[in-house]
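# Summary of the model geometry
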Amino acid sequence: MQIATETTVVLAMIAFVAIIMARNELIVRRNAVDNSFAGIDTQLTKRYDLIPNLVTVVKQYAQHENETLRALGELRAQAMRSGLSTDDRVRLNNQIDRGLSGVLATSENYPQLRASENFQQLQRGLNEVEEQIAASRRAFNAAVNDFNNAVTQFPLSIVAGLTGFRPHAYFEATGESRQAIDTRAQLNS
Amino acid sequence: MSSQSDFNEFYEQAKRPIAESLEPARKRTLLAWYIIWPPAIIAAIFCFFGVPALTGNKFGMFAVLVPIALGNVFWLPIWKDYRSRYQKRLTAPLMQLYDPTLTYDPDGKVDLELFMASTLYANAQFSKQDYKGTDLVTGTLGKTAIRISDLRVIDPLPEKNKGEVIFSGVFFVADFNKNFSGVTHVLPRASGRETSANLVKLEDPDFERAFVVHSTDQIESRYILTPALMRRILDFQTESKIAVSIAFANSNIFIAMHDAKTRLEPILFISLLKPETVKGIWSNLDFMTGIVNELDLNTRIWTKQ
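Residues numbered from 1 in each chain as written. Chains lettered and ligands numbered in written order. Predicted model: local features only at pLDDT ≥ 70, side-chain atom pairs only at ≥ 80, totals over all residues. Heavy atoms only, no water.

### Some words on the overall build of chain B
When its secondary structure is counted, chain B shows seven helices and nine strands. With the C-alpha coordinates aligned to their principal axes, the bounding extent of chain B is approximately 70 × 55 × 30 Å. Looking at chain B residue by residue over its 305 residues, the buried ones come to 49%. Within chain B, contacts between residues at least 6 apart in sequence are counted, and of these 68% link residues at least 24 apart. When the accessible surface of chain B is totalled, it reaches about 15100 Å², and 58% of it is carbon and sulfur. (Helix = DSSP H or I, 4+ residues; strand = E, 2+ residues; numbered from the N terminus. Buried < 20%, exposed > 50% of the residue type's maximum accessible area, 1.4 Å probe, protein only. Contact = heavy atoms within 4.5 Å. Areas by Shrake-Rupley, 256 points an atom, 1.4 Å probe, with all protein chains shown as cover.)

### Brief notes about the overall build of chain A
Summing up its helical and strand segments, chain A has eight helices and zero strands in all. The secondary structure elements of chain A, listed N-terminal to C-terminal, are α-α-α-α-α-α-α-α. For 189 residues, the compact-globule formula gives about 16 Å, and the C-alpha radius of gyration of chain A, at 24 Å, lies well above that figure. Counting only C-alpha atoms, chain A reaches 90 × 30 × 25 Å along its principal axes. Out of the 189 residues belonging to chain A, those deemed buried represent 34%. For chain A, restricting intrachain contacts to residue pairs at least 6 apart in sequence, the fraction spanning at least 24 positions comes to 75%. Here chain A holds 19 positive side-chain charges and 20 negative ones, and the gap between their average locations is 2 Å. (Rg over C-alpha atoms; globule rule 2.2 N^0.38 Å. Lys, Arg positive; Asp, Glu negative; His and termini not counted. Charge placed at Lys NZ, Arg CZ, Asp CG, Glu CD.)

### Structural notes on the packing of aromatic side chains
Working definition: an aromatic ring pair is given by the centre-to-centre distance plus the angle between the planes. Residue and element names in this part refer to chain B. Taken as a whole and judged by the stated rule, the model has 23 aromatic pairs over all chains. Ring pairs connect the aromatic residues F115, Y121, F126, Y131, F167, F171 and F254, which therefore count as one cluster. Over the aromatic face of Y223 sits the side chain of K178, whose NZ or CZ is 4.7 Å from the ring centroid. (Phe/Tyr/Trp six-rings, centres within 6.5 Å; stacked < 30°, edge-to-face > 60°. Lys NZ or Arg CZ within 6 Å of the ring centre and 35° of its normal.)

### Digging into the sheet that holds strand 1 (residues 103-105) of chain B
Residues and elements named next belong to chain B. Strand order in the open sheet made by the nine strands is 1-2-3-4-9-8-5-7-6, with antiparallel pairing throughout. Two strands lie at the open edges of the sheet, namely strand 1 and strand 6 (198-200), each paired on one side alone. This sheet shows a mean twist of 20° between the axes of neighbouring strands, independent of strand direction. Relative to strand 4 (residues 164-175), strand 3 (residues 144-155) is paired through ten bridges, and the arrangement is antiparallel. (Pairing = 2+ DSSP bridges. Axes fitted to C-alpha atoms, helices over the stretch in contact; angles between N-to-C directions.)

### Things to note about the pattern of salt bridges
One side chain can pair with another of opposite charge once the charged atoms of both are near each other. For the coordinates displayed, the defined rule picks out 22 salt bridges over all chains. In this structure, R89 of chain A engages D41 of chain A in a salt bridge whose closest nitrogen and oxygen atoms are separated by 2.2 Å. In this pair, R89 of chain A is assigned in helix 3 (residues 86-106) and D41 of chain A in helix 1 (residues 2-61), connecting sequence segments 48 residues apart. A relative accessible area of 26% means that D41 of chain A is categorised as partly exposed. A single salt-bridge network, built from bridges that share partners, covers E25, R29 and D146 of chain A together with K201 of chain B. (Salt bridge = Lys/Arg side-chain N within 4 Å of Asp/Glu carboxyl O.)

### Observations regarding a nonpolar patch on the surface
Residue and element names in this part refer to chain A. Together, F16, V17, I20 and M21 make up an exposed nonpolar region whose accessible area comes to about 410 Å². As for its placement among the helices and strands, F16 is situated in helix 1. Relative accessible area serves as the criterion here: at 56%, F16 is assigned to the exposed category. (Patch = residues over 30% accessible without salt bridge, like charges linked within 9 Å, V, L, I, M, F, W, Y side chains within 5 Å.)

### Considerations on the interface of chain A and chain B
Every contact between the two is made by 13 residues of chain A and, on the other side, 17 residues of chain B. Across the interface of chain A and chain B, roughly 1300 Å² is buried in total on both sides, 49% from carbon and sulfur atoms. Counting the contacts that link chain A with chain B gives three salt bridges. K201 of chain B is the salt-bridge partner of D146 of chain A, the closest N and O atoms lying 4.0 Å from each other. Counting across the chain A and chain B interface gives eight residue pairs in polar contact (both at pLDDT 80 or more). A per-element tally of the side of chain A that touches chain B places helix 5 (residues 117-152) of chain A first, with twelve residues. Here the side of chain A that touches chain B is built from residues that sort into three nonpolar, five polar and five charged. (Buried area = accessible area lost by both parts, 1.4 Å probe. Polar contact = N/O pair within 3.5 Å; in protein donor to acceptor, adjacent residues only side chain to side chain. Nonpolar A, V, L, I, M, F, W, Y, C, P; charged D, E, K, R; others polar.)

### Considerations on the environment of L90 of chain B
Mapped onto the fold, L90 of chain B is located in helix 2 (residues 65-98). In contact with L90 of chain B, other than residues within four places in its own chain, are F10, I18, L22, R85, V278 and I281 of chain B.

### A few points about helix 5 of chain A
For helix 5 of chain A, with 36 residues, the first-to-last C-alpha span of 52 Å sits near the 52 Å given by 1.5 Å per residue. A side-chain oxygen of the first residue of helix 5 of chain A lies 3.3 Å from the backbone nitrogen of N118 of chain A; this N-cap is S116 of chain A. (Expected span 1.5 Å × (residues − 1).)

### Quick word on the packing of helix 1 of chain A against helix 5 of chain A
All names here are of chain A. Two elements in contact, helix 1 and helix 5, have axes separated by 8 Å at closest approach and are oriented at 165°. Relative to helix 5, helix 1 is oriented roughly antiparallel. The chirality of how helix 1 crosses helix 5 is left-handed. A per-class count over the contact of helix 1 with helix 5 returns 22 nonpolar, eight polar and seven charged. (Parallel < 35°, antiparallel > 145°, perpendicular 65-115°, else oblique. Left-handed = near helix turned anticlockwise from the far one by under 90°.)

### Some thoughts on the side chain of D130 of chain B
Residues and elements named next belong to chain B. You can see D130 is positioned in the loop between helix 3 (112-117) and strand 2 (131-141). Buried and unpaired, D130 has no salt bridge, with K132 as the nearest side chain of opposite charge at 5.3 Å. If near-sequence neighbours (up to four positions away) are discounted, D130 is found in contact with R152, V153, I154 and P156.

### Considering the environment of T195 of chain B
Take T195 of chain B: it is sitting in the loop between strand 5 (183-188) and strand 6. Every residue in contact with T195 of chain B, bar those within four places of it in the chain, is listed here: H185, L187 and H214 of chain B.

### What to know about the environment of S3 of chain B
All names here are of chain B. By the element assignment, S3 lies in the segment before helix 1 (4-55). Since its relative accessible area comes to 33%, S3 is described here as partly exposed. Separated by 94 residues in the primary sequence, S3 and L97 place their C-alpha atoms 9.8 Å from one another.

### Some words on the confidence of the model for chain A
On average, residues of chain A score 83 in pLDDT, and 91% of them are at 70 or above. Across chain A, helix 5 of chain A holds the top mean pLDDT of 90, while helix 8 (residues 183-188) of chain A sits lowest at 39. (pLDDT = per-residue confidence, 0-100.)

### Regarding the pairing of strand 4 of chain B
All names here are of chain B. In terms of residue burial, strand 4 counts as a mostly covered element, since nine of its twelve residues are buried. Relative to strand 9 (residues 252-258), strand 4 is paired through seven bridges, and the arrangement is antiparallel. Residue A174 lies in a different strand from strand 9, and its bridge partner there is I253.

### Focus: the confidence of the model for chain B
Mean pLDDT over chain B works out to 87, with 97% of the residues at or above the 70 mark. Predicted complex, confidence summary: ipTM 0.77, pTM 0.82.

Now the structure itself:
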């Protein structure tokens, strides 16, 4: 009887330690997801910082595009507000993606703008930031994949179910951003 | 870089100096080789087996060093003269035609500091004497500065009394088209090698099957290894049939091509009058410098120019 009791206690302790270790493993992976999402934010902030310079330079050469530039500036201001939900941030950044593409496409009509060294430097800076954003998104998806595998595979899935860990959504292109950019629509908007 | 028509034009121009000067020099050098080395090798074999048998002293086998040393005494000046002519009349002009920015140093090699900067062999123990190389090619192809040479690096391993080859092959260094501060390694999965940096799992399953990636920065490694670059690296390895290890460090790309050769050493046993012989050198240049195009290193649309 005593042996049975001791065995039960030992098994319970082992199970308790195993659950703690499994939970810690899930926490580490979830933190990796949060950390990589913060990486995306860092790159988006760099992009926001480039937009005012872009607007200033383009305005010097392309007075007819004031409306497009004003809209881009407003999107930037909205995206930088605190307290936005993830969905809103994704939506606004997709709109900024299209706005930036529209401004850069518009620059084709202004040879002096394209030849401007400031504009070329800004274009390089934007290309770099876009590459960094793409890399951050890929890193985020990799972290999410790792976390989701842990949450859905036995035996960690048991602990995940008990402690409230759920699979995370991947960063996906929205239906809007997947559509080919209609440059003419951009210019006429 | 030049084209097939440029090679044809070069070959027409070079045929005469090759025929009048270089091919006769090759034949004389080859004759000297036949006069010196077969007898030296026969003498060496005799010394190795015969001297201990005749003298009853097992250390007599070291007499093998005598014919080898004598052979080198006679051979090296002849070879150096031929090599100098070959470099002056064929390799250097060919390289200049191929791309005017290219320079060739037959005795040069990628600097030890650059080799170590790749961190591909950071844990290897060797001295400067164990770091050997030849056939250094330097230049700027488009916007990309490159350095390539044959390398052979030995780890002496005194406790085993023999050296282990750390690396033998072609080492390629180029200025990458993006700025980055961390270190990323792309190693053949079959080699089983790892580094101390974190494992990076990428999205291309073919790439993941062929390579294992470690990096000091998960985001930066993906900034460098875009889906397009991963595909280009895979295509390069498949087409060249050479095992490669790649490092990205200090905004440079380092490619270690295992068991490959630049093949810029003078040709001795094949006639130089055959166009395919000279074409072979041209093809080797194509291969070495084509890495820049294969990996699209001249696309410079980011902040690094």
